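# Descriptive structure summary
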Amino acid sequence: MSFSGSASAVAAFPAVPPAVSSPTRLRLPDLLHTTDRFADEVLRGCFNRLLPHDGPPTDARWFTRLHADDELDVWLISWVPGHTTELHDHGGSLGALTVLSGALHEYRWDGERLRRRRLDAGDQAAFPLGWVHDVVGAPTLADPATTTLSVHAYSPPLTAMSYYEVTERAALRRTRTALTDGPEGQ
Ligand SMILES: [Fe+2]
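Report on the accompanying structure. (Residues numbered from 1 in each chain as written. Predicted model: local features only at pLDDT ≥ 70, side-chain atom pairs only at ≥ 80, totals over all residues.)

### Concerning the environment of R173
Locating R173 in the fold gives a position in strand β11 (residues 172-179). Taking the C-alpha atoms as reference points, R173 and Y163, separated by 10 residues in sequence, lie 8.5 Å from one another. The contact partners of R173, leaving out residues within four places of it in the chain, are Y164, E165 and T167. (Helix = DSSP H or I, 4+ residues; strand = E, 2+ residues; numbered from the N terminus. Contact = placed C-beta atoms within 7 Å.)

### Overview of the nonpolar core
With 29 residues, the main nonpolar core has L76, L104 and V151 as its most contacted residues. Counting only elements with at least two residues in this core, the list comes to α2 (28-43), β2 (73-79), β4 (94-101), β5 (103-109), β7 (124-127), β8 (133-138) and β9 (148-155). Each residue touching V151, except ones within four places of it in the same chain, is listed here: T35, F38, A39, V42, V74, L76, L97, T98 and L100. (Core = buried A, V, L, I, M, F, W, Y, C linked by C-beta atoms within 7 Å. Buried ≥ 20, exposed ≤ 12 C-beta atoms within 10 Å, placed from the backbone.)

### Thoughts on the sheet that holds β9
One open sheet accounts for 5 strands, arranged β1-β2-β9-β4-β7; its pairing is antiparallel. Looking at the sheet topology across the chains shown, the edges are occupied by β1 (62-68) and β7. Neighbour-to-neighbour, the strand axes of this sheet turn through a mean angle of 20°, independent of strand direction. Of the pairings in the sheet, the one linking β4 to β9 comprises 7 bridges and is antiparallel in character. Residue pairing across strands places A96 opposite A153, the latter belonging to β9. (Pairing = 2+ DSSP bridges. Axes fitted to C-alpha atoms, helices over the stretch in contact; angles between N-to-C directions.)

Any functional reading would require information that these geometric values do not contain.
See the structure below:
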């Protein structure tokens, strides 16, 4: 039997499905720009009213929200060296960060292993959907105990995050999913 479907019949079954639409009108470059803009405002003192009187704590992670609307939330986070977040994703949100001071190590799951990169003051990173990583405060040569400050933006605003572990067979296994309205583990 020969196949003799019409062109319209063939077109009804495209070989490549359409791309999944984005959950937000904002793109990763928009989020990178947003974190850059808010980082500049933090450095100029525009959010000093939100900072602890004596500065961010030196013995614990700390965060505050700088902005929130229906499509975007922006957070300022301080990190102490060695503090980890656990491996996690950002649910249905895109994300980005800019490091203001200090440094971070990011451990990203690339499908086979965790890859580490260092983010120093002024560096940026963007997180598309499906990005699974752990973020850790990193010591700097100038001051090994310094706290790190970073600005993070998420769109749509964070509502849920999943956490993961790497199995003995070098696979990623989801351990739990949690509703969130803040960067407890981001
Ligand atoms: Fe994250």
